[in-house]
Structures are given as C-alpha cells and as structure tokens.
Amino acid sequence: MRLPLEVLRALGGQAVIATNAAGSMRADMPTGSIMCLSDHINFSGLNPLIGEPTDARFVPMKDAYDPAIRSALRAAADSTGTQMADGIYAWYSGPSFETPAEIRAIAMLGADAVGMSTVPEVILARFLGLKAAAISTITNMAAGLSDEAISHEHTKAMAPIGAAKLEKVLRAYLRGLA
Ligand code: HPA
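Residues numbered from 1 in each chain as written. Predicted model: local features only at pLDDT ≥ 70, side-chain atom pairs only at ≥ 80, totals over all residues. Heavy atoms only, no water.

Regarding the packing of helix H2 (residues 67-79) against helix H5 (residues 152-177)
Between two packed helices, both the angle of their axes relative to each other and the distance between the axes serve to describe the pair. For clarity, the threshold we go by: Interaxial angle, 0 to 180 degrees, is taken between N-to-C directions of lines fitted to C-alpha atoms, where a helix line uses only the stretch in contact. Helix and strand assignments come from DSSP, with helices taken as H or I runs of at least 4 residues and strands as E runs of at least 2, each series counted from the N terminus. Angles are sorted into four bins: roughly parallel if under 35 degrees, roughly antiparallel if over 145, roughly perpendicular if 65 to 115, and oblique for all others. The handedness criterion is simple: a crossing whose near helix is rotated anticlockwise from the far helix by less than a right angle is left-handed, and one whose near helix is rotated clockwise is right-handed. Two residues form a contact once any of their heavy atoms are found within 4.5 Å. Each residue is assigned to one of three groups, with Ala, Val, Leu, Ile, Met, Phe, Trp, Tyr, Cys and Pro labelled nonpolar, Asp, Glu, Lys and Arg labelled charged, and all others, Gly among them, labelled polar.
Their axes nearest at 8 Å, the elements H2 and H5 cross at an angle of 115°. Relative to H5, H2 is oriented roughly perpendicular. In terms of crossing hand, the pair formed by H2 and H5 is right-handed. The residues of H5 that touch H2, namely those facing Ile69, Ala72, Leu73, Ala76, Ala77 and Ser79, are Val169, Leu170, Ala172 and Tyr173. Each residue belonging to the contact of H2 with H5 can be placed in one class, and the counts come to 9 nonpolar, 1 polar and no charged.

This is the structure in structure tokens:
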C-alpha cells in the first residue's frame, strides 16, 4: 500500500479513510452494523515500516485515527440517522481466520472487532504524514462467538449490508467537506 498512499499524497491528498470487513466481538455490534475505529491493536507481529532505513520509521500512533475526522464522521452518521459504533480493531495477519482462542485473547485485551487489514495502511498513512480514519463493516461475529460458519464467501455476502450504511455516512461526510 505504500505506493498508492505516496501517490495520494503527491496528488495533494491530506487524509485517507480506510474501509474494511471485520468480525465483531460485541453483541451490540451484529452482522450488518458498522464501527468507526477509535484505535487499533497490532496483533500480527508485522509492521510495514520494518526495514525502513530512516528515523522516520518511529511513528507516533496516539490519535492515529484522527479525532477531528472521527467527530465529523460521527456527525455524518447522526445526520443520516445511521447507527455507527465506536471501537478498537485488532489486526491478525490472516489469511486464515482466527481460532476461538485467538478471539478470546484479543477480546480480553480490549478489542471490539477483528480483521486482516487496515492497520498496515494506517501505519503507512501516518508515516507519510497523511491523516487517517477507518470504518469497519461487520460481516460476522468473530470465531467462537456464534454458530454461523465463517468463510470468505459469507464475508462477501454480508459486506453489502454494512456497506450501504457506510456509503450513507461517507457521502454525508463528503458533503460536509464541500
Ligand atoms: N476475522 C478476520 N477478518 C475478517 C473477519 C473475521 O472474523 N470477518 C471479516 N474479515
């Protein structure tokens, strides 16, 4: 993702809003809901800045999810009557889905949702000086939290439910910028 983000910045872009599909660890955040990321837990052991040769690699990650963009997204959700949760996203690298034990572990650590993306993009965005925000579309309850079988097909089938809400929020947010 580094090249596309560098291109975005070279074109004058100042912020990136990532979207993803995620599994939920919260009963009040069922399939089809959306969650605005307030923070993340990098549980992958990976970091896109490993190997970056300059001191710029020591990127602060407090408020990585830009508070001003988050409150504008919140206002956009409210203005469209769209329910949007706030929560912490944990990154496991995938591509296998998590085990129930892995889900219990990150739930204990304070994660609300889990996925295989977004964290590296946000780290890179911050490294490049871009503001960042992200919204998850909840496509399933995380492994072990419901009887539904988790699969890529199920993820793709469920994503459009939350995506419709996501689109409403993003359109209202962009109207607010105009
Ligand atoms: N785990 C990881 N990634 C995901 C999930 C999940 O349960 N759902 C959608 N993407």
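Here's the deal with the environment of Leu5
Rules: Partly exposed describes any residue whose relative accessible area lies between the buried limit of under 20% and the exposed limit of over 50%, with all areas from a 1.4 Å probe on protein chains only and scaled to the type maximum.
Looking at where Leu5 falls in the secondary structure, it is placed in helix H1 (residues 2-10). The class of Leu5 is buried, set by a relative accessible area of 4%. Leu5 sits 116 residues away from Glu121 along the chain, and the two C-alpha atoms are 8.3 Å apart. Excluding residues within four positions of it along the chain, Leu5 makes contact with Val16, Glu121, Leu124, Ala125, Leu128 and Leu130.

Describing the pairing of strand S2 (residues 34-42)
Stated formally: Whether two strands pair comes down to DSSP finding at least two bridges between them.
Pairing geometry for S2 and strand S5 (residues 131-141), over 3 bridges, is antiparallel. Bridge pairing in S5 links Ile34 to Thr137. Relative to strand S3 (residues 85-91), S2 runs parallel, the two sharing 7 bridges. Considered in S3, the bridge of Asn42 is made with Trp91.

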